Amino acid sequence: MDRPNNTIVSLESQSYTYEPLDTNKRSIRLLTLLPTEDHEAEIRCNIAIEEITWLSAYDALSYTWGPPSDNSPNLIYLNGYQTVVSRNLHSALRALRGPVRRHLWVDAVCINQEDNDEKSKQVPMMDLIYGKATRTLVWLGNESERSDLAMARLASVKHKEDLENISEAENEAIGCLLTRPWFSRVWVVQEFSLAKKVVFHCGSMSFLWSPVEKVLRTLIRMNELSASSRRESKIPETEILEKLSGSQVLLRLLMDRMGISRELHGGFVRERSFHFLLEKHIHLEASRPHDRIYGLLALGKSMKVKLSNSPPITYAESATNVNIAWAKWMIESSKKLDILFACQKTTTEPGLPSWAPSWKARDKERFVPNFSSAMLLFNAASGLRYIRYNLHSNKVGNFRSPRFSFSDNSQLLSVAGKQIAILDKTYQFKAVGPEYFRRLIQYLPNGYLSGESQSWQDEEKERKMREGAVKKITINGTPVQAWTDWQMAKDYAAARKKTPARLEKLKYVVETNRVHFISKSGCEGLAPKETRVGDVLCLFKGMETPFVLRPVEETYKLIGECFVDGYMTGWGSTGKTQTYVLC
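Some words on the overall build of the protein
Part 1 of the reasoning: The secondary structure content of the protein amounts to 21 helices and 24 strands.
Part 2 of the reasoning: In the protein, which comprises 583 residues, the proportion classed as buried is 52%.
Part 3 of the reasoning: Residue pairs in contact within the protein that sit at least 24 positions apart in sequence constitute 70% of those at least 6 positions apart.
Part 4 of the reasoning: Within the structure as shown, the protein displays about 28,300 Å² of accessible surface, and the carbon and sulfur contribution to it stands at 50%.

See the structure below:
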């Protein structure tokens, strides 16, 4: 006689139907991966609902969904019913399956992806789901050429010498492994950071993260001690990190787990804000535009970021409306306009105001790397009476907050500011070579390369130095007169203390993504590549750098932040203000 639980034939043609979760009890689903000794056998699982406060021991899976297979149905069986999963998840379950049952939480299966209401209620629980898991299993994908070599080397890391004494082939393999898609996805940041214990899997190989993290912490600590002692020569520990292929990826993972909002800049600890988390991870990718925001909420919550009265999580709304709602909330809750630093866009998105970021990975670099760098380096609005910590003077001025308001439909942002100038000319940068910079370097202030000179922070002193330098320099017999040559030379000098990669990035930014502008009143500086004649230079109350605006009938489109020579520390920012309506 056929028994219902074994009558797989009658069920295999039917798809699994989700039983609704009891939201009053904060329930989730857990997956039980059934064992087999046959690696090629069909993947069969049980799925059950459990209350989150009384969960059984389980592991959480962190992986990338990847594109669904078009060639073959990647079927697994849930309680005897078939369901289709992505090829990457199918590979992960097959690799993780063993001779004993395994209890897992897997987002694509444990959350009904067709139910937007359920997704909206499960996303706020990510901190609990990953925080309560015994381990987080990171699936990097199937093995490929040299991946086993990289995994074996990382599995052997116990001391800093294990990263120092690696072969060229191992180093290249590690670099290749760290370019896999998992390292570029926004969701994995909180999945990795909130985990108690992390185990990386690639094919049949695996390694535990904690020994690697311990070694990286040691190297960073020794590097910081060396920097604080102002050693002229590099210590071996610094060279280990510089030579290790993909070390920046590993360090980013480490900083995420250490708490990225605690990064130090000259002893100044930046405030914890959700804006900072979004800005920090803007280079990461997400399948759904909503997830550029939602994918970091659990991490923000665990780091005590202020999220009170934030917009509700919803996948029913368009990504455009979600971005507008969150941008408005971040401005109103912080009473600051720092979010405007993230609004430099390469393309216009239908329905999204110029003052609201899309949080997409940008295909260009900004003049100011992030809003906190602007806060520490510049204080352009100091004459417009705004409170801000000034790194140069170590004083806090007694100034007012910026003024802003929103239209009833939340499409327009009105801000108080002052017009600096209207652009009359813009110039594209031509390719520049190392020799061009070296000749400018000769005339930088003594001590600049050692980091001891502070004279460039005084604009009047810097102006005199620049004027003296350009009189002495000729390139192909033509005197160098552009202010931007001086600015680029200083950046080049700073880059020489770092790495060739930093220098190449600097050259790319300057040559590809900036224009040199001159206004009708004689102002000059650097602006986004999209800047054109007729645009307006404006300084908003409370902002550390001026911005480029484009008149659109009776409103203005925000183009991006800029550097205006002579205006970056407050000079010329006094006087009457007016209201600018940003569309």
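On we go from here.
Thoughts on unusual backbone geometry
Part 1 of the reasoning: Here the phi dihedral of N309 falls at roughly 60°; this positive angle occurs in a residue that is not glycine.
Part 2 of the reasoning: Here N309 lies in the loop between α15 (297-302) and α16 (319-334).
Part 3 of the reasoning: The exposed category is assigned to N309, whose relative accessible area is 73%.
Part 4 of the reasoning: Phi at S410 takes a positive value of approximately 65°, unusual for a residue other than glycine.
Part 5 of the reasoning: Position of S410 relative to the elements: it lies in the loop between β14 (404-406) and β15 (413-428).
Part 6 of the reasoning: Given a relative accessible area of 15%, S410 falls into the buried group.

Details of helix α12 (residues 247-258)
Residue pairs spaced three or four apart in an α-helix point in one direction, given the helix's 3.6 residues per turn.
Part 1 of the reasoning: Taking 1.5 Å as the rise per residue, α12 with 12 residues should run 16 Å; its terminal C-alpha atoms sit 16 Å apart, in good agreement.
Part 2 of the reasoning: Within α12 the residues assigned to the buried category are S247, V249, L250, L251, R252, L253, L254 and D256.

Focus: the packing of helix α6 (residues 147-155) against helix α8 (residues 168-177)
Helix packing geometry: the angle between the two helix axes and the distance between the axes.
Part 1 of the reasoning: In the contact formed by α6 and α8, the axes pass within 8 Å of each other and the chain directions differ by 100°. Relative to α8, the element α6 lies roughly perpendicular. Contact residues: S147, L149, A150, M151, R153 and L154 in α6; A169, E170, A173, I174 and L177 in α8.
Part 2 of the reasoning: Split by residue class, the contact of α6 with α8 holds eight nonpolar, one polar and two charged.

Structural notes on the nonpolar core
Most often, soluble globular proteins keep nonpolar side chains buried together rather than apart.
Part 1 of the reasoning: Judged by nonpolar contacts, the single largest core of 86 residues is most densely connected at W105, F274, W326, L340, W355 and F540.
Part 2 of the reasoning: Of the residues forming this core, the biggest block, seven residues, is contributed by α16.
Part 3 of the reasoning: By size, the runner-up hydrophobic cluster in this structure holds 35 residues, among which are V138, V215, L216 and L250.

Brief notes about the packing of aromatic side chains
Part 1 of the reasoning: One pass over the structure, following the stated rule, counts 19 aromatic pairs.
Part 2 of the reasoning: For the ring pair F200 and W209, a centre distance of 6.0 Å and an interplane angle of 55° mean the geometry is tilted. For the pair F200 and W209, a shared accessibility class is recorded, and that class is buried.
Part 3 of the reasoning: For the pair F274 and W326, a centre-to-centre distance of 5.5 Å together with 50° between the ring planes defines the contact as tilted. With F274 in helix α13 (residues 274-280) and W326 in helix α16, this residue pair connects regions lying 52 residues apart in the sequence.
Part 4 of the reasoning: Note that R44 overlies the ring of Y77, its terminal NZ or CZ placed 4.3 Å from the centroid.
Part 5 of the reasoning: One residue, R257, lies across the ring of F192, its end atom 5.3 Å from the ring centre.

Focus on the pattern of salt bridges
Part 1 of the reasoning: Throughout the structure, instances matching the rule amount to 14 salt bridges.
Part 2 of the reasoning: One salt bridge connects K301 with D127, and the closest N-O pair in it is separated by 3.5 Å. Here the residue K301 occupies a position in helix α15, and D127 occupies one in helix α5 (residues 126-132), the gap between them amounting to 174 residues.
Part 3 of the reasoning: Residue K301 is classed as partly exposed on the basis of its relative accessible area of 41%.
Part 4 of the reasoning: Judged by relative accessible area, D127 falls into the buried class, the value being 15%.
Part 5 of the reasoning: Measuring nitrogen to oxygen at the nearest pair gives 3.1 Å for the salt bridge that ties E213 to R217. With E213 and R217 both in helix α10 (residues 209-228) and four residues apart, this pair spans about one turn of that helix.

Notes on the sheet that holds strand β1 (residues 27-33)
Part 1 of the reasoning: As summarised here, the arrangement of the nine strands in space is β5-β4-β2-β1-β6-β3-β7-β8-β9, forming an open sheet in which the pairing is mixed. The sheet terminates laterally at β5 (81-84) and β9 (205-208), the two strands that pair on one side only. Strand-to-strand twist across the sheet, computed as the mean angle between neighbouring axes with direction ignored, equals 35°.
Part 2 of the reasoning: Here helix α2 (residues 87-96) sits on the sheet and contacts β1, β3 (59-62), β4 (75-78), β6 (102-105), β7 (135-139) and β8 (198-202); the angle it forms with β7, its principal contact strand, is near 125°.
Part 3 of the reasoning: In this fold α6 packs onto β8 and β9, with an angle of close to 25° to the strand it touches most, β9.

Concerning the side chain of Q190
Part 1 of the reasoning: Along the chain, Q190 falls in helix α9 (residues 187-193).
Part 2 of the reasoning: You can call Q190 buried: its relative accessible area is 2%.
Part 3 of the reasoning: Of note is the side chain of Q190, whose polar atom sits 3.4 Å from the backbone oxygen of G295.
Part 4 of the reasoning: At 3.2 Å, the side chain of Q190 and the backbone nitrogen of L299 are in polar contact.
Part 5 of the reasoning: Once residues within four sequence positions are removed from consideration, Q190 is found in contact with M126, Y294, G295, L296, L297, A298 and L299.

Overview of the side chain of S193
Part 1 of the reasoning: Positionally, S193 belongs in helix α9.
Part 2 of the reasoning: Only 2.7 Å separates the side chain of S193 from the backbone oxygen of V189, close enough to count as a polar contact.

Observations regarding the environment of S62
Part 1 of the reasoning: With respect to the helices, strands and loops of the structure, S62 is situated in strand β3.
Part 2 of the reasoning: Separated by 130 residues in the primary sequence, S62 and F192 have C-alpha atoms spaced 7.6 Å apart.
Part 3 of the reasoning: Those residues in contact with S62, other than ones at most four positions away along the chain, are T136, L137, V138, W139, W182, V188 and E191.

Some thoughts on the confidence of the model for the protein
Part 1 of the reasoning: On average, residues of the protein score 76 in pLDDT, and 67% of them are at 70 or above.
Part 2 of the reasoning: Contacts from residues 260-270, a stretch scored under 50 in pLDDT, to residues over four places away or in other chains number 28 contacts.

What to know about α2
Part 1 of the reasoning: Burial analysis of α2 places eight of its 10 residues in the buried class, the great majority of the element.
Part 2 of the reasoning: Taken residue by residue, α2 has N88, L89, H90, S91, A92, L93, R94 and L96 as its buried positions.

Overview of the pairing of β8
The side chains of a regular strand alternate between both faces of the sheet.
Part 1 of the reasoning: Burial runs high along β8: five of the five residues are buried.
Part 2 of the reasoning: Alternating positions in β8 separate into two faces, V198, F200 and C202 on one and V199 and H201 on the other, with burial throughout.
Part 3 of the reasoning: The pairing of β7 with β8 spans four bridges and is classified as parallel. Paired with T136 across the two strands is V198, which belongs to β8.
Part 4 of the reasoning: Relative to β9, β8 is paired through four bridges, and the arrangement is antiparallel. Residue pairing in the sheet places C202 in a bridge with M205 of β9.
Part 5 of the reasoning: Taking the residues that link successive antiparallel strands as the turn, the β8-β9 hairpin has two residues, and the phi of G203 there is positive, at about 60°.

Rules used in this analysis
Residues numbered from 1 in each chain as written. Predicted model: local features only at pLDDT ≥ 70, side-chain atom pairs only at ≥ 80, totals over all residues. Heavy atoms only, no water. Helix = DSSP H or I, 4+ residues; strand = E, 2+ residues; numbered from the N terminus. Buried < 20%, exposed > 50% of the residue type's maximum accessible area, 1.4 Å probe, protein only. Contact = heavy atoms within 4.5 Å. Areas by Shrake-Rupley, 256 points an atom, 1.4 Å probe, with all protein chains shown as cover. Expected span 1.5 Å × (residues − 1). Axes fitted to C-alpha atoms, helices over the stretch in contact; angles between N-to-C directions. Parallel < 35°, antiparallel > 145°, perpendicular 65-115°, else oblique. Nonpolar A, V, L, I, M, F, W, Y, C, P; charged D, E, K, R; others polar. Core = buried A, V, L, I, M, F, W, Y, C linked by side-chain atoms within 4.5 Å. Phe/Tyr/Trp six-rings, centres within 6.5 Å; stacked < 30°, edge-to-face > 60°. Lys NZ or Arg CZ within 6 Å of the ring centre and 35° of its normal. Salt bridge = Lys/Arg side-chain N within 4 Å of Asp/Glu carboxyl O. Pairing = 2+ DSSP bridges. Polar contact = N/O pair within 3.5 Å; in protein donor to acceptor, adjacent residues only side chain to side chain. pLDDT = per-residue confidence, 0-100.

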